[in-house]
Amino acid sequence: MKISRKSLSVSIAIGVFGLALSARAQTQVFNANSYNLNNLVVPQYHSAGGATTAGSFAASAMMGAFGHSLQPLLVDWENAITSRCATQTATTNPTSMWPGVTGNPSSHCTPTGMAAALANLTGKNWVQFKWPATNQAGALNDTISALRDHGSPAIVPMYGQADHWVAIVQVTATNNAGTWTIGQVKLHDGGPVDQPDGSGNSYQGGEVSYSGRIWAMNYYLVVANINPSCDPCVNDAWYNQYVLMWEPPADHIHSAVPSSFPRSPGVAIGTVTEKVAQSMVWQSLTAAGINNDASTWNAISGGVAGRALEVNAVSPAGERWDYFVVPIFATAGSANIVKAVVLLAADDASFESVHVLATPGQFTPLSKPTAELLARTALKPGERLSAGILTWDPRAKTPFAKAPAFPYYEFGVLTGLKEVATVRVSFNKGAVLRTP
């Protein structure tokens, strides 16, 4: 089990596209047109197709189309969109191997094909962009600009996975003397809820909000699950690129302004233990301004913070990411019915993410000693376990990858001093998997 120790940057100074700026600090919320003009939130659409398909891409696009122009769902929308995308892709990117139509892996669907298909099916203007690894700034700029300037949700891949797309439906930002500081980014996942993408990361129901820093970390270069026949598909036009699609007006114009994606305010001094993280979760949420987000706050207020657990995770770039996961239960003694999960930074308990579940559900996370007992059932004679960690790695290609809010235990299997296998134990249900 090797975890890169490369430091995470505290903030990413970038230029974003903007409007005339005020000289004093002011926090603004950038919503989709559906909310700005009609007080309608962007609905959550989820595809039937998951891993190695364009299903989540199509669903996210439908959320974007509703958010920008109140586009109703097309008849048989998933099949209609992915099939038309395959037709467009065959013309525009005939050699591409991108995920395609469910049950027909030879029918591929690239971002170019998707934008053309949506323009054809909806009669609206759709654009797609890509940026090289050296220009994350440009990619982050447009994810914000899409909503701020035009009320159009940004459609992007998550964790660097070509078959896992989401719609960014809200951004909270503060303008301070001409600089935008991104506080939170809220998104809806487009894939089939709780089903895995090609690397085992689950498509999530409900609403997920990230701090600026953590969003910049998880919106990553497309490096996985373009196609099983070639992964890593280094010759593909979108490999190692930041990708974005959205529905702007035909005459859309951007003007550049500086911006940053920093971490949220820290709330703890000294060593942060599991007990400290549990006790400070509400203070952390308030310091980050989550209490000003009515939909999120109304969903979690009145809840009870459960026991926090430290996670030694890995970012999509392979950088070390340490945080505490804190479940928010419906009430004290509510039979472990959880309604949200909060992530706090391991060093200062600052807010990193909150995932409000679509439906509260039973949640009984395993302790490490319990997970170790289960892991031992996978050992062969003469083998022993390493110390093990609670972790999450979007690149792991395991059915236990889940999501940052739903990590897994990982133990090395040792024969003498040599590690010969890995045993993973799911965080919530205790399933055990050994590889190889």
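Residues numbered from 1 in each chain as written. Predicted model: local features only at pLDDT ≥ 70, side-chain atom pairs only at ≥ 80, totals over all residues. Heavy atoms only, no water.

Q: Could you clarify how one ought to interpret the pairing of strand E16 (residues 351-362) in this entry?
A: Side chains on a regular strand alternate between the two faces of the sheet. Pairing geometry for strand E9 (residues 207-211) and E16, over four bridges, is antiparallel. Residue pairing across strands places Tyr-210 opposite Ser-353, the latter belonging to E16. Where strand E15 (residues 337-345) meets E16, seven bridges bridge the pair, whose relative direction is antiparallel. Paired with Val-338 across the bridge in E16 is Gly-361. (Pairing = 2+ DSSP bridges. Helix = DSSP H or I, 4+ residues; strand = E, 2+ residues; numbered from the N terminus.)

Q: Looking at this structure, how should I read the packing of aromatic side chains?
A: The relation between two aromatic rings is expressed through the spacing of the ring centres and the mutual angle of the planes. This model, assessed by the stated rule, comprises 17 aromatic pairs. With a centroid separation of 3.7 Å and 10° between ring planes, the pair formed by Phe-57 and Trp-165 is classed as stacked. In this pair, Phe-57 sits in helix H2 (residues 55-69) while Trp-165 sits in strand E7 (residues 165-176), placing the two residues 108 residues apart along the sequence. Exposure class is identical for Phe-57 and Trp-165. Each is buried. Chaining the aromatic ring pairs together yields one cluster made of Phe-329, Phe-363, Phe-406, Tyr-409 and Phe-427. Residue placement shows Lys-130 over the ring face of Trp-238; its charged tip is 4.8 Å from the ring centre. (Phe/Tyr/Trp six-rings, centres within 6.5 Å; stacked < 30°, edge-to-face > 60°. Buried < 20%, exposed > 50% of the residue type's maximum accessible area, 1.4 Å probe, protein only. Lys NZ or Arg CZ within 6 Å of the ring centre and 35° of its normal.)

Q: Got a minute to help me understand the pairing of strand E10 (residues 241-246) in this structure?
A: Buried residues dominate E10, accounting for six of its six residues. Alternating positions in E10 separate into two faces, Gln-241, Val-243 and Met-245 on one and Tyr-242, Leu-244 and Trp-246 on the other, with burial throughout.

Q: Looking at this model, I keep getting lost on the environment of Leu-374. Mind explaining?
A: One can find Leu-374 in helix H9 (residues 368-376). Classification of Leu-374 by relative accessible area gives partly exposed; the value is 28%.

Q: Just checking my understanding: could you explain the side chain of Ser-56 for this structure?
A: Within the secondary structure, Ser-56 sits in helix H2. In terms of polar contacts, Ser-56 uses its side chain to reach the backbone carbonyl oxygen of Asp-163, at 3.3 Å. From its side chain, Ser-56 meets the backbone nitrogen of Trp-165 in a polar contact 2.9 Å long. Beyond its immediate chain neighbours, meaning those up to four positions away, Ser-56 contacts Ser-47, Gly-49, Asp-163, His-164, Trp-165, Gly-190, Gly-191 and Tyr-203. (Polar contact = N/O pair within 3.5 Å; in protein donor to acceptor, adjacent residues only side chain to side chain. Contact = heavy atoms within 4.5 Å.)

So far we have only geometry, and geometry alone does not tell us how the molecule works.
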